[in-house]
Amino acid sequence: MASLIGVSSSPYPTHTSHLVPSRSNSISSLIQLKRYSVRRLLLLRVNCSSRQVEDAETESESKVVLPDTSVDTGISAYNWCAALGGIGFLETSYLTYLKLTNSEAFCPVGDGGSCGNILNSSYSAVFGVPLPLIGMVAYGVVAVLGIQLGQKSRPLGIGEANGRLVLLGTTTSMAAASAYFLYILSTKFTGEFCPYCLASVLLSFGLFVSSIKGLGSEEVQKDVGILLLTVLLVVSTLNNSYSVSQPSSTSSAMDEMEYFKTEITTESTPFAISLAKHLRSIGAKMYGAFWCSHCQEQKQMFGRDAAELLDYVECFPDGFKKGTSMVKACQEAKLEGFPTWVINGEVVSGEKQLSELAILSGFNMKEELTEAPTQALTEAK
C-alpha cells in the first residue's frame, strides 16, 4: 500500500512542478508584449501629432507670409504716389505764384526766354484758369490719397476701394493732359525747352504707373472703359479751351511769323507832331503788333516824324508763334485787340482819328497850334 502510494504519488508532484513555471512564463511574455505594443502605439501617436503640428505651423506661416507681401507692395506703391504728388505740389505751387504775380520763372536749363514763352503762352490756362493752379490741386489730392491709402485709413472719408478708384482716375487725367501738352511742346514750340513742363510730364506718368501697381492689374482691367472715357473727356476739354482762347485777330493759318518793321511813308503835320508830343507828355501809350494792319494805319495818320514821338509798345517784339503770349506790359494792360490806347487810365480799343485822340487826351488844339510857331522861332534864334 505504501509502495502503491509512493509510486502513484511520485509522478504528480513532478508533473505539477514542470507545469507551473511554463504558465508564469507565458503570462509574463504576454504582459511584456502588451506593454511593448502600447509603447509603440504611443510613439506613433506622438510622432503623428508632432508632424501634424509642424504641417499646421508651416501652413499657417505660408498663409501669413503671402498677405504680408501683398500689403507691402500696396503700401510701397501708394507711398510713391504720396512722394511724387508732394513734389508735383511744390512745383505747381511755385508756378502758380509766378502766374498770379506776373513774375518771370527761373529756368536753370536751356534758354530762359523760351522757358518764359511757354509758361506765359496761351496754353498756360484752361478756360481762363491758370494751368499750374489746376495742377497744384490735382497733385495735392493725389498726395493726400497716397498717404491715407498707404496707412490703410479711409481716404477722404470715401472708403478704401473708392479712394483707389479716385486716385486712378485722377492720375489718368493727369497723364492724359501731360501727353497732350507734350504733343503741343513738340509741335508748337519746336526748338524751345521748358524743364518745368518736362518734370510735370515725368511726375504725371510716374503717378499713373504707381496707381495701377497699387490697384492691381485685374482691377484695372475692370475699369478700362472708365479710364478711356476719362482720357477722351480731358483731351476734348483741352481742345475746346484752346480753340476758344486763341486770338481772334490772327488767322488759323498763321502759325508762325518773324518780326518785321513797316516803313511809314506819310509826312507829319504840325498838328500830328504836337498831338504826339502831348500824348507822350501825359503818359499815353499805344499797344500794337507788327503784323496788325490797323496799327500801321494808325501810325500813318501821325506820319513818319510824329509816329517816332509816340510811346508805342510792341506786344510781339520777337515775332509771332502760335501759342506765344504777348510781352508782360501788354498782358498787364489786358488788351482786347490791336491797336489799343491807354490814355489817362482809360483803355480805348481800335484805330482812332487824331481829333478823337485829341479830345480823349484833353489836347487843346488852338493853344498848341499857336505855341508851335513861337517855339519854332525861339529854336531858330
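Residues numbered from 1 in each chain as written. Predicted model: local features only at pLDDT ≥ 70, side-chain atom pairs only at ≥ 80, totals over all residues. Heavy atoms only, no water.

1. Quick look at the state of the cysteines
We count it as follows: Only a pair of cysteine sulfur atoms within 2.5 Å counts as a disulfide in this structure description. Here a strand is any run of E in DSSP of at least two residues, a helix any run of H or I of at least four, and the numbering for each starts at the N terminus.
One pass over the full model with this rule turns up 2 disulfides. Across a sulfur-sulfur distance of 2.4 Å, C194 and C197 are joined as a disulfide pair. Across the disulfide from C194 to C197, rotation about the S-S bond amounts to roughly 70°, and the bridge is consequently right-handed. Bridging C315 to C330, the disulfide has an S-S length of 2.0 Å. As the torsion about the S-S bond is roughly -90°, the C315-C330 disulfide counts as left-handed. One end of the pair, C315, is in the loop between strand 5 (312–314) and strand 6 (320–321); the other, C330, is in helix 12 (residues 328–333), and 15 residues separate them in sequence.

2. Brief notes about the side chain of T96
Definition in use: The cut-offs for exposure are 20% and 50% of the maximum accessible area for each residue type, with area from a 1.4 Å probe on protein chains only; residues under the lower value are buried, those over the upper are exposed, and the others partly exposed. As used in this structure description, the phrase polar contact means that two N or O atoms lie within 3.5 Å; if the pair is within protein, one of them must be able to donate a hydrogen and the other to accept it, and residues adjacent in sequence are counted only when both atoms belong to side chains. Residues are treated as being in contact if the distance between any of their heavy atoms lies within 4.5 Å.
Structurally, the position occupied by T96 is in helix 2 (residues 11–101). Judged by relative accessible area, which is 4%, T96 ranks as buried. At 2.6 Å, the side chain of T96 and the backbone oxygen of T92 are in polar contact. Apart from the residues lying within four places of it in its own chain, the contact partners of T96 are P132, L133 and M136.

3. Quick word on the packing of aromatic side chains
What counts here: Pairing of aromatic rings covers Phe, Tyr and Trp, the last through its six-membered ring, and needs centres within 6.5 Å; plane angles under 30 degrees mean stacked, over 60 mean edge-to-face, and all others mean tilted. Our definition puts a charge over a ring when NZ of Lys or CZ of Arg is within 6 Å of the ring centre and also within 35 degrees of the ring normal.
Summed over the entire model, instances satisfying the criterion amount to 14 aromatic pairs. Judged by centre distance (5.5 Å) and plane angle (75°), the rings of F316 and F320 are edge-to-face. F320 carries the same exposure label as F316, and that label is buried. An aromatic cluster of at least three residues, connected via ring pairs, comprises Y123, Y180, F181 and Y242. Taking NZ or CZ as reference, K299 lies 3.6 Å from the ring centre of Y312, over its face.

4. Overview of the pairing of strand 4 (residues 285–288)
Basically, it comes down to this: If DSSP finds at least two bridges between two strands, the strands pair.
Bridge analysis of strand 4 against strand 7 (residues 340–343) gives 3 bridges, and the strand direction is antiparallel. Bridge assignment links K285 to a residue of strand 7, and that residue is V342.

5. Some thoughts on the pattern of salt bridges
The line we're drawing: A carboxyl oxygen of Asp or Glu within 4 Å of a side-chain nitrogen of Lys or Arg is what we treat as a salt bridge.
Within this structure, the stated rule accounts for 2 salt bridges. Residue E267 pairs with R304 through a salt bridge whose shortest N-O separation is 3.2 Å. On the criterion of sequence distance, the pair formed by E267 in the loop between strand 3 (256–257) and helix 9 (270–281) and R304 in helix 11 (residues 304–309) is long-range, its members being 37 residues apart. Judged by relative accessible area, which is 31%, R304 ranks as partly exposed. Linking K285 and D311 is a salt bridge whose minimum nitrogen-to-oxygen distance equals 2.8 Å. A residue pair is termed long-range when its members are at least 10 positions apart, and K285 in strand 4 and D311 in the loop between helix 11 and strand 5 qualify at 26 residues. Since its relative accessible area comes to 30%, K285 is described here as partly exposed. Overall, the relative accessible area of 23% leaves D311 in the partly exposed class.

6. Considerations on the confidence of the model for the protein
Spelled out, the test is: Residue-level confidence of the predictor is what pLDDT reports, using numbers from 0 through 100.
Mean pLDDT over the protein works out to 76, with 70% of the residues at or above the 70 mark. Here residues 1–23 is modelled with pLDDT under 50, and outside its nearest four sequence neighbours on either side it reaches 2 contacts, counting other chains as well. This stretch, residues 60–74, has a pLDDT under 50; its non-local contacts, to residues over four places away or in other chains, come to 2 contacts.

7. Looking at unusual backbone geometry
Cis geometry is adopted by the peptide bond preceding P339, which originates at F338 and carries an omega value of -10°. Looking at the secondary structure, you find P339 in the loop between helix 12 and strand 7. The backbone of F127 shows a phi angle near 50°, a positive value even though the residue is not glycine. Within the secondary structure, F127 is located in the loop between strand 1 (125–126) and strand 2 (129–130). Positive phi values are uncommon outside glycine, yet N344 reaches one of about 55°. Take N344: it is sitting in the loop between strand 7 and strand 8 (346–349). Under the relative-accessibility criterion, N344 is labelled exposed at 54%.

8. Some points on the layout of surface pockets
Threshold: Residues are called lining when one of their atoms sits within 4 Å of a cavity or pocket point, these points coming from a 1 Å grid over the protein atoms alone, where a cavity is a set in which a 1.4 Å probe fits but cannot get out and a pocket is an open set with protein on both sides within 12 Å along at least five of seven lines. Grid points are joined across faces, edges and corners, and a volume is the space filled by probe spheres set on the points. Amino acids are sorted into nonpolar (Ala, Val, Leu, Ile, Met, Phe, Trp, Tyr, Cys and Pro), charged (Asp, Glu, Lys and Arg) and polar (every other residue, Gly among them).
In this structure, the second largest pocket encloses a volume near 300 Å³. Lining the second largest pocket are 15 residues, with K261, T262, I264, K299 and E308 positioned closest to its centre. When contributions to the lining of the second largest pocket are tallied by element, the ones reaching two or more residues are helix 10 (293–302), helix 11 and strand 5. Per-element accounting of the lining of the second largest pocket gives the leading share, 3 residues, to helix 11. Looking at side-chain class alone, the lining of the second largest pocket contains 7 nonpolar, 2 polar and 6 charged residues.

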